[in-house]
Amino acid sequence: MKIRDILAKGTPTLSFEVFPPKTEDKFESVEKAAAQIAKLKPAFMSVTYGAGGGTSQYTVDIAAHIQERYQVTPLAHLTCVSSSREKVHQVLAQLKERKIENVLALRGDIPADGKVEKDYRYAAQLIREIKEEDLCIGAACYPEGHVESENKSEDILHLKEKVDAGCDFITTQMFFDNNILYNFLYRIREKGITVPVIAGIMPVTNKAQIKRICQMSGTYLPSRFKAVVDRFGDDPKAMKQAGIAYATEQIIDLLANGVNAVHVYSMNKPDVAERIWDSLSDIL
């Protein structure tokens, strides 16, 4: 099923993300985690894509497994800056062969060595090419602005380029203050961006995640969230429980304020996904 059709129903949806293994020996454990999350029957599940295309086959395999065995709609990530046009179209052919109808089109991170392919520079270029296929296309957006953009206004202009290129919905980077998303929604609607927006929520279950999150995206941490980490960060069990509770409260507030689509960055943790799902079962 195409995700745009799921979102068009206007009912609350909860989805989860998994990422493929970096090496073949970890494939079985990741597949098992994905299967456990799929058993919850979320609206869909996204499967991320390895840097430089290194795990692209794992992405296809896990996405197909979720769909074929558990009848859960998959969303396959596809990055382009480190891939040639030939490689991208090979992956698209594999997805279509496995009857996967949804792609999240991303530029991808610039490798540490700075080496990129010459065929693509921006996600909008990839979206235009995918639009020629019979696929539902998602794109990423950044409520706090992309770290490489000079300001939020410039970032929204780049988002408009992706929407104009043909994406059907957009999914946000994680955020920990819902007011950031509400402000972002107001600004993009003013610019004529009317496609559905899926809110990305990250349950922080250990203190080490915070440092990585801030280094990667410069995400704003509200005082309320900092207090949770300061109080419970050195107690792994307490931090996990508090992090799940904080994410769940964010989701409830989003749903109460009309943001019907929420995507949880569940980091291959079935227990985290299950606890959030159970806390929202009657709401959903």
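Residues numbered from 1 in each chain as written. Predicted model: local features only at pLDDT ≥ 70, side-chain atom pairs only at ≥ 80, totals over all residues. Heavy atoms only, no water.

J.: Before we go on, may I ask you to explain the packing of helix H6 (residues 152–165) against helix H7 (residues 178–190) in this structure?
T.: A pair of packed helices is characterised by two quantities: the angle between their axes and the separation of those axes. One way to put it is that H6 packs onto H7 with a least axis distance of 11 Å and a crossing angle of 60°. Between H6 and H7, the crossing angle belongs to the class labelled oblique. In the crossing of H6 with H7, the sense of the turn from one axis to the other is right-handed. Facing H6, whose interface residues are Lys152, Ser153, Ile156 and Leu159, H7 presents Phe184, Arg187 and Ile188. Of the residues belonging to the contact of H6 with H7, the class tally is 4 nonpolar, 1 polar and 2 charged. (Axes fitted to C-alpha atoms, helices over the stretch in contact; angles between N-to-C directions. Helix = DSSP H or I, 4+ residues; strand = E, 2+ residues; numbered from the N terminus. Parallel < 35°, antiparallel > 145°, perpendicular 65-115°, else oblique. Left-handed = near helix turned anticlockwise from the far one by under 90°. Contact = heavy atoms within 4.5 Å. Nonpolar A, V, L, I, M, F, W, Y, C, P; charged D, E, K, R; others polar.)

J.: Looking at this model, I keep getting lost on the packing of H7 against helix H10 (residues 236–256). Mind explaining?
T.: Where H7 meets H10, the axes come as close as 10 Å, and the angle between the chain directions of the two elements is 30°. Where H7 crosses over H10, the handedness of that crossing is right-handed. Note on element contacts: H10 touches H7 through Gln250, Asp253 and Leu254, opposite Asn178, Leu181 and Tyr182. Classifying every residue of the contact of H7 with H10 by side-chain character gives 3 nonpolar, 2 polar and 1 charged.

J.: Honestly, the sheet that holds strand S7 (residues 197–201) in this entry has me stumped. Any pointers?
T.: Sheet strands line up and pair through hydrogen bonds in the backbone, either parallel or antiparallel. Strands sit in the order S1-S2-S3-S4-S5-S6-S7-S8 around a closed barrel of 8 strands; the barrel is parallel. Ignoring strand direction, the axes of neighbouring strands in this sheet form an average angle of 30°. Along the sheet face, helix H5 (residues 123–130) touches strand S3 (74–79), strand S4 (102–106) and strand S5 (136–141) and points at about 150° away from the line of S4. (Pairing = 2+ DSSP bridges.)

J.: Help me understand the packing of aromatic side chains in this model?
T.: Note on aromatic pairs: each is described by the distance of the centres and the angle between the planes. One pass over the structure, following the stated rule, counts 4 aromatic pairs. Ring geometry for Phe16 against Trp277: centres 6.3 Å apart, planes inclined by 50°, an arrangement best described as tilted. With Phe16 in strand S1 (residues 13–18) and Trp277 in helix H11 (residues 270–279), this residue pair connects regions lying 261 residues apart in the sequence. For the ring pair Phe225 and Tyr246, a centre distance of 5.0 Å and an interplane angle of 70° mean the geometry is edge-to-face. (Phe/Tyr/Trp six-rings, centres within 6.5 Å; stacked < 30°, edge-to-face > 60°.)

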